[in-house]
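Listed below are the residues making up each chain.
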Amino acid sequence: MAAPWEDVLRDTSAIREAAAVAVDAALLEGVLMRTEGEPNASDVVNFAPFTLLPSAVPRTLFEQAYAVQQDFNLLVDAISQNKEFLERTLASTIKVDDFTARLFRIYMQVLEEGLAQSVFLGINRSDYMFDCGVDGTAALKQIEINTIAASFGGLTARTLPVHQRVLKVLGKSKEASQLLPNNPSKGLALGIAKAWELYGSPSAVVMFLVEQVQRNIFDQRCVENELWNRNIRVVRRRFRDVFEKGSLGEGRRLYMDGQEVAVVYYREGYVPKNYDQQNWEARLLLERSRAVKCPDIATQLAGTKKVQQELSRPGTLESLLPGRAEAVARIRATFAGLYSLDMGAEGDQIAATAIADPNRFVLKPQREGGGNNLYGEELRQVLEKIRDSPERTSYILMDKIKPQPALNYLLRAHSPLRVSECISELGIFGVYVRQGKEMVMNRAAGHLLRTKAIEHADGGVAAGVAVLDTPYLV
Ligand code: ADP
Ligand code: MG
């Protein structure tokens, strides 16, 4: 499944020229990130890292990923409404994983009080790699689904014209015209706008809940701009601001600085380091409110690695999506092998198998954001240490996906230009809105391709490992 520009990959002078064009095009198009040195100021910015060339993606697998996205939307939404499932599935995890336990406590507290929220907005991104079988055929395998703060829907759209330009510079105009249109931030904003409208207070605002350190602000601004274009007011606030200035009014309406908030869009709150005691209190306040949270705490829990692993058990999908056999089959076809490390014979056995053959697996804790998983020798050592302790239940095991590498150049500020063997991860954005029991929007909103050098086992764009890419369908 090679791309039709193998011929130029080793032509150093053509590549140099194209790379110079690419970097300027990226700055012009707004493929931007703030710098590590000044993460909260826009005076000096860099281009966000990206590949010089698009990467080949098998058309059938790309279409398969789009075709299953509405099913995943339904599944995540169903899990978020299934207390019995979440309670049972996370029971072992919350005994040993403090972060999941705290999220779970807020979830229970909000349910006990009774939900004030009646409109629900999900924005997720289901990520896949192309697993290369022994016979050389590739299969679409899900890595995970992100149900909170799924990012790069804005910058990926801006990477597309950069790659079109590069292909033209390299004499590949026909291929340039074949790159697919893609603008996830527009679809994300459509969902947010729909939720805002259904909330029903025209003077209420959309609040982006943002991190203390905001290097990826331009990606968020893309979604913001789409909302301003629809005359919807957007404010950016941190947990700290909510703690200091947030309050609940009549009917548990959420107010910030006296202004009603219709939708809270989290680009924060997915890792332990996002929280101190005050931030936990702010999170609880938001969850108790009538505002549409994207995601609500139940939907965040639906995106945990432990839930992902339980979904792969025979019968689980059927019970969560009754009467939807075709959706179940489409979803299941994307699952890699996933294994529980709960205490008992099943966990003992898979732990022993992984210790004996660590390169077959990935060991995953309940964390997001890249750089947390364990591989190879490190996996073996950690698992050996915790194999007889309940601590092991804070992890899951997953079959390691082995894609076919391809050559590309990864462009990063202050880095030398050199060819790398790379593998890619395809993400499909999903958006849905539910009012009470009725789904009023359910769609796929675009895609994201991220590519990294094979020497890195783990890590996304924000973690400084992967870079933005564009799929070229073959
Ligand atoms: P996170 O929530 O930290 O993003 P992921 O499950 O997406 O966790 O894993 C992070 C990265 O690790 C992925 O982007 C991918 O590069 C790699 N990875 C995860 N699972 C697998 C797997 N089963 N096989 C191969 N690589 C994997
Ligand atoms: Mg990931």
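Residues numbered from 1 in each chain as written. Chains lettered and ligands numbered in written order. Predicted model: local features only at pLDDT ≥ 70, side-chain atom pairs only at ≥ 80, totals over all residues. Heavy atoms only, no water.

Peer 1: Quick question: what am I supposed to make of the UniProt feature "binding site: Mg(2+)" (unreviewed entry) in the chain here?
Peer 2: Those places that UniProt annotates as "binding site: Mg(2+)" (unreviewed entry) correspond, in this numbering, to Glu144, Asn146 and Glu368. For this annotated set, covering 225 residues, all C-alpha atoms fall within 10.0 Å of each other, a compact arrangement in space. Looking at where asparagine 146 falls in the secondary structure, it is placed in strand E6 (residues 138–146). Once residues within four sequence positions are removed from consideration, asparagine 146 is found in contact with Ile123, Asn124, Arg125, Asp127 and Glu368. Tracing the backbone shows glutamate 368 in the loop between strand E14 (361–365) and helix H17 (376–386). Not counting chain neighbours up to four residues away, the residues in contact with glutamate 368 comprise Glu144, Asn146, Tyr270, Val271, Gly303 and Lys305. At 3.2 Å, the side chain of glutamate 368 forms a polar contact with the side chain of lysine 305. (UniProt positions renumbered as here; feature names shortened; annotations may be inferred. Helix = DSSP H or I, 4+ residues; strand = E, 2+ residues; numbered from the N terminus. Contact = heavy atoms within 4.5 Å. Polar contact = N/O pair within 3.5 Å; in protein donor to acceptor, adjacent residues only side chain to side chain.)

Peer 1: So what exactly am I meant to see when it comes to the site of ligand 1 here?
Peer 2: Near ligand 1, the surroundings consist of 22 residues, among which Glu144, Lys364, Gly370, Glu425 and Lys452 are the closest. Residue lysine 364 places a side-chain N or O atom 2.6 Å away from an oxygen atom belonging to ligand 1. Taking tyrosine 375, its side chain carries an N or O atom lying 2.9 Å from an oxygen atom of ligand 1. Mapped onto the shell around ligand 1, the elements with two or more residues apiece are E6, E14 and strand E15 (395–399). (Near = heavy atom within 4 Å.)

Peer 1: Even after reading the chapter, I still don't get the domain arrangement of the chain, so can you show me in this structure?
Peer 2: Buried accessible area, meaning the area lost when the parts come together, often serves as the stated size of an interface. If you check the domain split of the chain, you get domain 1 (12–336 + 401–473) and domain 2 (337–400). The C-alpha-based centres of domain 1 and domain 2 are spaced at 26 Å. If you look at the interface, domain 1 gives 31 residues, while domain 2 gives 27 residues. Across the domain 1/domain 2 interface, buried area totals approximately 2,300 Å², and carbon plus sulfur atoms make up 52% of it. Counting across the domain 1 and domain 2 interface gives four salt bridges. The interface formed by domain 1 and domain 2 includes 17 residue pairs in polar contact (both at pLDDT 80 or more). If you list the elements that add at least two residues to the side of domain 1 that touches domain 2, you get helix H4 (83–96), helix H5 (98–113), E6 and helix H13 (305–311). (Domains from an automatic or database assignment. Buried area = accessible area lost by both parts, 1.4 Å probe. Salt bridge = Lys/Arg side-chain N within 4 Å of Asp/Glu carboxyl O.)

Peer 1: For this particular structure, what's the right way to read the state of the cysteines?
Peer 2: Two cysteines joined by a covalent bond between their sulfur atoms form a disulfide. Counted according to the given criterion, the structure contains zero disulfides. Cysteine cysteine 132 remains unbridged, with the sulfur of cysteine 422 as its closest cysteine sulfur at 16 Å. Since its relative accessible area comes to 24%, cysteine 132 is described here as partly exposed. Look at cysteine 422 and you get buried, because its relative accessible area is 4%. (Disulfide = S-S within 2.5 Å. Buried < 20%, exposed > 50% of the residue type's maximum accessible area, 1.4 Å probe, protein only.)

Peer 1: Please clarify how the packing of aromatic side chains should be interpreted in this entry.
Peer 2: Geometrically, a pair of aromatic rings is defined through the distance of the ring centres and the angle of the planes. Under the defined criterion, the tally for this structure stands at 11 aromatic pairs. Between phenylalanine 47 and phenylalanine 50, the ring centres sit 5.8 Å apart and the planes meet at 75°, which makes this aromatic pair edge-to-face. Overall, the relative accessible area of 12% leaves phenylalanine 47 in the buried class. The buried category is assigned to phenylalanine 50, whose relative accessible area is 0%. (Phe/Tyr/Trp six-rings, centres within 6.5 Å; stacked < 30°, edge-to-face > 60°.)

Peer 1: Help me out: how do you make sense of the environment of glutamine 69 in this one?
Peer 2: Here glutamine 69 is to be found in helix H3 (residues 69–80). Its relative accessible area of 0% is what places glutamine 69 among the buried residues. Not counting the four nearest positions on each side in its chain, glutamine 69 is found in contact with Asn124, Ser126, Tyr128, Ile428, Phe429, Gly430 and Ala444. A distance of 2.8 Å separates the side chain of glutamine 69 from the side chain of asparagine 124, its partner in a polar contact.

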